[in-house]
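As a plain string of letters, each chain reads:
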Amino acid sequence: MGFYNNELPFDLSEVHIERMFITEFMPIASGLQVKVYLLGLTYVSSNQSADNYTLAQALDCNVEDIKNAWRFWENIGIIKCHDKEVSGDFDVEFLSLRGLYIGSNYENKNPRLLRDQRQSAPSTLSSPFYKDIDTQKKLIKSVEGVIGKALRTQEYRDLSDMYDHYYANIDIITRAFEVNYKERRISNIKAVKTLLNQWLEEGLSSVEDINDYLEFQNKRFHVYKSILRCLGITFRLPNEAEKELIDQWIDDYGFTENDLESIIKSLSKKTLNINFSYIQKILTDLHAKDIHTFEAFEAQSPKANTSSTRSTTSAQEKRHRFTMQKDTQYSEEELEDMLLNRKK
């Protein structure tokens, strides 16, 4: 690719910018992205040869930023990037915004032309996120307010994916960012997608449902930590198997958090090798006997121990009385004679 200067020492030509770009697309782009688009359009309008390196020098930035800006506009759907196999670079094709608008709202009756139109049209034109500019601006502004910084090009795509394939709801997506970035301190947009998918699997469809679910999760997590603490485990979080067992004890067996703590503490006094398997066996037996409280557990357990203690005490008392009776069978003189004979 060569570089050529205009023969005139100055350039008074005009650059035609469609109004739709200013009103619909420019508000959602960063300053650099707008500069890249307009400068590239300027080179095209004046038939000047240029490439991404030319733009990088003119805008005083690195080439990767220029490429990211073009990928952003390609994702929006108003340009096409044609990759070059040899250099690894790409050429940029500017698309008519009016043509795209008409194409997305007018269906050609010719089957062949319709097929070609669908194949060549950018995939983002069918995206609900990119069709609704007001929604774009509101969601982007809301999310950037939560994370405290401007979104990058790839994050725009992630945001579009969340809106198109997870929840077409600004409040729910924003709530997911709040939970991860502010409450859980997880600054990862992929984790936001995971959270949204989890909410979908739980059938949550409103912010109110989500808040109730999060409140329940927080309470249950406190129970998990409490049970682990009773077992002397304070250095890690519960794994999935342990969570499932604790959920079973509470949801299926009907034990409360306080009853579980009291029963586990009582069991830990009887064995040094207390673990989840041992507790599961004991609680399963209690559930089969319709015992679901610590009071009922205590009532059915100590009786055998009490009777055993009483029998042991009774045996000791009998031996003591026998010894005393045996000792009192001799008179004082006989005892004195026995003692003197023993000394001899």
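Before reading on, note that the structure itself is shown above.
What counts, and at which threshold
Residues numbered from 1 in each chain as written. Predicted model: local features only at pLDDT ≥ 70, side-chain atom pairs only at ≥ 80, totals over all residues. Heavy atoms only, no water. Helix = DSSP H or I, 4+ residues; strand = E, 2+ residues; numbered from the N terminus. Buried < 20%, exposed > 50% of the residue type's maximum accessible area, 1.4 Å probe, protein only. Lys, Arg positive; Asp, Glu negative; His and termini not counted. Salt bridge = Lys/Arg side-chain N within 4 Å of Asp/Glu carboxyl O. Contact = heavy atoms within 4.5 Å. Patch = residues over 30% accessible without salt bridge, like charges linked within 9 Å, V, L, I, M, F, W, Y side chains within 5 Å. Areas by Shrake-Rupley, 256 points an atom, 1.4 Å probe, with all protein chains shown as cover. Charge placed at Lys NZ, Arg CZ, Asp CG, Glu CD. Axes fitted to C-alpha atoms, helices over the stretch in contact; angles between N-to-C directions. Parallel < 35°, antiparallel > 145°, perpendicular 65-115°, else oblique. Left-handed = near helix turned anticlockwise from the far one by under 90°. Nonpolar A, V, L, I, M, F, W, Y, C, P; charged D, E, K, R; others polar. Phe/Tyr/Trp six-rings, centres within 6.5 Å; stacked < 30°, edge-to-face > 60°.

**Let's talk about the side chain of Glu261**
And then number 1: Inspection of the secondary structure puts Glu261 in helix α14 (residues 257-268).
And then number 2: Although buried, Glu261 forms no salt bridge, and the nearest oppositely charged side chain, Lys265, lies 4.6 Å from it.
And then number 3: Glu261 has contacts with Ser226, Ile227 and Cys230, leaving out every residue within four places of it along the chain.

**Points about the environment of Leu286**
And then number 1: Relative to the helices and strands, Leu286 resides in helix α15 (residues 276-288).
And then number 2: In sequence terms Leu286 and Gln300 are 14 residues apart; their C-alpha atoms lie 10.0 Å from each other.
And then number 3: Aside from chain neighbours lying at most four places away, what touches Leu286 is Phe255, Ile263, Ile291, Phe297 and Gln300.

**Quick look at a nonpolar patch on the surface**
And then number 1: Together, Val15, Ile17, Ile22 and Met26 give the surface a local cluster of nonpolar side chains, amounting to about 270 Å² of exposed area.
And then number 2: Along the chain, Ile22 turns up in helix α1 (residues 19-25).

**Considerations on a negative patch on the surface**
And then number 1: Together, Asp171, Glu208, Asp209 and Asp212 make up a negatively charged patch on the protein surface.
And then number 2: Of all the elements, helix α12 (residues 207-230) adds the most residues to the negative patch, at three residues.
And then number 3: By the secondary structure assignment, Glu208 is in helix α12.

**Brief notes about the packing of helix α8 (residues 133-147) against helix α10 (residues 170-183)**
And then number 1: Two numbers describe how α8 lies on α10: the axes approach to 9 Å, and their chain directions differ by 15 degrees. When the interaxial angle is binned, α8 and α10 end up roughly parallel. In the packing of α8 onto α10, the handedness of the crossing is right-handed. Taken together, the residues of α10 that come into contact with α8 (itself represented by Thr135, Lys138, Leu139, Ser142, Val143, Val146 and Ile147) are Ile170, Ile173, Thr174, Phe177, Glu178, Tyr181 and Lys182.

**Regarding unusual backbone geometry**
And then number 1: Look at Asp60: it is not a glycine, yet its phi comes out positive at around 55 degrees.
And then number 2: Structurally, the position occupied by Asp60 is in the loop between α3 (52-59) and α4 (63-76).
And then number 3: Asp60 sits in the exposed class, given a relative accessible area of 72%.
And then number 4: Non-glycine residue Arg185 carries a positive phi angle of around 60 degrees.

**Some thoughts on the pattern of salt bridges**
And then number 1: For the structure shown, the criterion picks out 10 salt bridges.
And then number 2: Across the pair Arg71 and Glu74 runs a salt bridge whose closest N-O atoms are separated by 3.1 Å. You can see Arg71 and its partner Glu74 sitting in helix α4, three residues apart, about one turn around the helix.
And then number 3: Classification of Arg71 as partly exposed rests on a relative accessible area of 25%.
And then number 4: A cluster of three or more residues bridged by salt bridges with shared partners is formed by Asp158, Asp161 and Lys193.

**Examining the packing of α14 against α15**
And then number 1: Two elements in contact, α14 and α15, have axes separated by 11 Å at closest approach and are oriented at 120 degrees. Classed by the angle they form, the pair α14 and α15 counts as oblique. Considering how the two elements wind past one another, α14 and α15 form a crossing that is right-handed. Counted together, Leu260, Ile263, Ile264 and Leu267 of α14 and Tyr278, Ile279, Ile282, Leu283 and Leu286 of α15 form the full contact between these two elements.
And then number 2: Class assignment for the residues of the contact of α14 with α15 results in nine nonpolar, no polar and no charged.

**A closer look at the packing of aromatic side chains**
And then number 1: Inspection of the entire model under this criterion finds nine aromatic pairs.
And then number 2: For the pair Phe72 and Trp73, a centre-to-centre distance of 4.9 Å together with 70 degrees between the ring planes defines the contact as edge-to-face. Trp73 matches Phe72 in its accessibility class, with the two residues each being buried.
And then number 3: A ring pair is formed by Phe294 and Phe297, whose centres lie 6.2 Å apart and whose planes are at 35 degrees; its orientation type is tilted. With Phe294 and Phe297 both in helix α16 (residues 294-300) and three residues apart, this pair spans about one turn of that helix.

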